[in-house]
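# Residue-level structural notes
The chain contents come next:
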Amino acid sequence: MGTTFPPFLLVHLLRTMVRIRIFEERTADLLLRGEIRCPTHLYIGQEAIATGVCAALDRSDYILGTHRSHGHFLAKGGSMRALMAEMFGKKTGCAYGRGGSMHLIAREVGFLGSVPMVAATIPIAVGSALASTLLEQGRVAVSFFGDGATEEGEFHESLNFAALWKLPVLFVCENNFYSTHMPLHARQPTQDLTRHALAHAIPGVAVDGNDVVAVYTAAHEAVQRARAGLGPTLLVCNTYRWRGHVGPHWDLDKNIRPQKEVEAWMARCPIHRLETALLQQGLLTPQERDTIYAQAVHEVEDAVAFARHSPFPDPVELPAHLFTDRKTP
Ligand SMILES: Cc1ncc(C[n+]2csc(CCOP(=O)(O)OP(=O)(O)O)c2C)c(N)n1
């Protein structure tokens, strides 16, 4: 951990990761109880990436996510109540209860959307950066995607176009080494995903995706480059998801991932890592740490109560919100 970081930033990073973790663990619990029924991909283990990247952005900057985007939504400042209500399919949800876990949006904080089609939001990030450039808004766009998305044509077309136009985009690959059940080594000839940047003549930076300070530092540098008109960067954050591909289960009985591998990555928990460093350096007291956890539990329980007490959408409203003639701000 660098010594030049202001303590308030480090505590903010810890607080954000804890909020995401506790939200997700509660979501797993609600899925097991059958209170949440939409297909849900948990982000547990990968919290440092959304947290570190979003801390390097302004509120007006854009981000786009994937099927695994609760963390991105919360780190960018989306309302936890609206997120939980969306998981419950309620009218007060961020997508009016029509989207569930995989179709999130919070335009008021620059979260332009997440969709489950692998790689589908990458060109939208490029289009947003193009719009920002043409309108001289100075906004940076970030595209979050998994290692599986680097096998889609849209990924390569997007990098090419963004490189050619020197667009202010940050391509953030969350390499958790699996695409559903298939490991990266069975899908690509080498494990170094930064090589894709070489083909498009843009910087490709590999970072320890379980080190939130390293992620923040790399993202901050890429954002500065983008704002200076120097074009896109591919940031490859190596990490691991703890639970199975979809749902609350660990799937250790399915012979997909060796238990030892899961345990080795759990020992590198991004939250535990930062928390320990802050305590050791005297930047956080045990009482302050406990308060961060207690506040997160309180916020999550408030969101659950809000979601439970919210109404379902009225079936007669079904055609609403499908199309809009409003101009995007
Ligand atoms: C275009 C497309 N192909 C296949 C799928 C089925 N699918 C859903 S998630 C997924 C794996 C994605 O892996 P990755 O991009 O690495 O993200 P991760 O789940 O690891 O976060 C696949 C193949 C899909 N949703 N969209």
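Residues numbered from 1 in each chain as written. Predicted model: local features only at pLDDT ≥ 70, side-chain atom pairs only at ≥ 80, totals over all residues. Heavy atoms only, no water.

This part takes up the packing of aromatic side chains. Here the structure, examined in full by the defined rule, presents seven aromatic pairs. The interplanar angle of 70° and the centroid separation of 5.8 Å between the aromatic rings of Phe5 and Tyr216 together place this pair among those described as edge-to-face. Linking Phe5 in the segment before α1 (7–32) with Tyr216 in helix α8 (residues 212–227), this pair joins segments that are 211 residues apart in sequence. An identical accessibility class is assigned to Phe5 and Tyr216; each is buried. With a centroid separation of 6.1 Å and an interplanar angle of 45°, the aromatic rings of Phe177 and Trp265 are classed as tilted. Of this pair, Phe177 sits in the loop between β4 (169–175) and β5 (178–179) while Trp265 sits in helix α9 (residues 259–266), and the two are 88 residues apart along the sequence. Just as Phe177 is buried, Trp265 falls in that class too. Joined through ring pairs, the aromatic side chains of Phe177, Tyr178, Tyr240 and Trp265 make up one cluster. The positively charged end of Arg21 is found above the aromatic ring belonging to Trp242, 4.5 Å away from the centroid. Stacked on the ring of Trp265, the Lys or Arg Arg268 has its end atom at 4.3 Å from the ring centre. (Phe/Tyr/Trp six-rings, centres within 6.5 Å; stacked < 30°, edge-to-face > 60°. Helix = DSSP H or I, 4+ residues; strand = E, 2+ residues; numbered from the N terminus. Buried < 20%, exposed > 50% of the residue type's maximum accessible area, 1.4 Å probe, protein only. Lys NZ or Arg CZ within 6 Å of the ring centre and 35° of its normal.)

This part is about a nonpolar patch on the surface. Where nonpolar side chains cluster on the molecular surface, the patch consists of Leu134, Leu135, Phe161, Leu164 and Trp165 and spans about 580 Å² of accessible area. Looking at where Leu164 falls in the secondary structure, it is placed in helix α6 (residues 153–164). (Patch = residues over 30% accessible without salt bridge, like charges linked within 9 Å, V, L, I, M, F, W, Y side chains within 5 Å. Areas by Shrake-Rupley, 256 points an atom, 1.4 Å probe, with all protein chains shown as cover. Salt bridge = Lys/Arg side-chain N within 4 Å of Asp/Glu carboxyl O.)

Examined against the element boundaries, Arg21 turns out to sit in helix α1. There is a polar contact of 2.5 Å between the side chain of Arg21 and the side chain of Glu47. Sequence-distant contacts of Arg21, defined by excluding residues within four places in its chain, comprise Ile44, Gly45, Glu47, Trp242, Cys269, Pro270 and Ile271. (Polar contact = N/O pair within 3.5 Å; in protein donor to acceptor, adjacent residues only side chain to side chain. Contact = heavy atoms within 4.5 Å.)

Now for the pattern of salt bridges. Under the defined criterion, the tally for this structure stands at 17 salt bridges. A salt bridge links Arg308 to Glu35; the shortest N-O distance between them is 2.8 Å. Here the residue Arg308 occupies a position in helix α11 (residues 286–309), and Glu35 occupies one in the loop between α1 and α2 (47–55), the gap between them amounting to 273 residues. The class for Arg308 is partly exposed, based on a relative accessible area of 39%.

Let's shift gears to the site of the ligand. Taken together, 15 residues surround the ligand, and among them His67, Arg68, Pro116, Gly148 and Asn176 come closest. Within the contact set of the ligand, an oxygen atom lies 2.8 Å away from a backbone nitrogen or oxygen of Gly148. For the ligand, an oxygen atom lies 3.3 Å from a polar atom in the side chain of Ser179. The protein chains hide 71% of the 580 Å² of surface that the ligand would expose on its own. Class assignment for the residues of the shell around the ligand results in five nonpolar, seven polar and three charged. (Near = heavy atom within 4 Å. Nonpolar A, V, L, I, M, F, W, Y, C, P; charged D, E, K, R; others polar.)

Quick look at the packing of helix α4 (residues 80–87) against α11 now. Where α4 meets α11, the closest approach of the two axes is 8 Å, and the angle between their N-to-C directions is 50°. By the angle class used here, α4 and α11 are oblique. In this structure, α4 meets α11 at a crossing whose hand is right-handed. Listed contacts from α11 to Met80, Arg81, Met84 and Ala85 of α4 are Glu299, Val300, Asp302, Ala303, Val304, Phe306 and Ala307. Along the lines of polarity and charge, the residues of the contact of α4 with α11 split into eight nonpolar, no polar and three charged. (Axes fitted to C-alpha atoms, helices over the stretch in contact; angles between N-to-C directions. Parallel < 35°, antiparallel > 145°, perpendicular 65-115°, else oblique. Left-handed = near helix turned anticlockwise from the far one by under 90°.)

Take the nonpolar core next. One finds Val53, Met84, Leu170, Val172 and Leu274 to be the most contacted residues of the largest nonpolar core, which totals 69 residues. Broken down by element, this core gets its largest block of residues, twelve residues, from α1. Apart from the residues lying within four places of it in its own chain, the contact partners of Leu170 are Val53, Ala141, Val142, Ser143, Ala219, Ala222, Val223, Thr233 and Leu235. The next biggest cluster of nonpolar side chains, apart from the first, holds 30 residues, and it includes Tyr62, Ala125, Ala149 and Phe155. (Core = buried A, V, L, I, M, F, W, Y, C linked by side-chain atoms within 4.5 Å.)

Within α2, eight of the nine residues are buried, which leaves it mostly tucked inside the rest of the structure. Residues of α2 that are buried include every one of Glu47, Ala48, Ile49, Ala50, Thr51, Gly52, Val53 and Cys54, and no others.

Of the volumes computed, that of the second largest pocket is approximately 340 Å³. Around the second largest pocket, the lining is made up of 27 residues, and of these Thr66, His67, Arg68, Phe145 and Gly146 lie nearest the centre. Broken down by secondary-structure element, the contributors of at least two residues to the lining of the second largest pocket are β3 (141–146) and β5. Sorting elements by how many residues they give to the lining of the second largest pocket places β3 first, with three residues. In terms of residue class, the lining of the second largest pocket is made up of eleven nonpolar, twelve polar and four charged. (1 Å grid on protein atoms, 1.4 Å probe; cavity = no way out; pocket = protein on both sides within 12 Å on 5 of 7 lines; lining within 4 Å. Points joined across faces, edges and corners; volume = space filled by probe spheres on them.)

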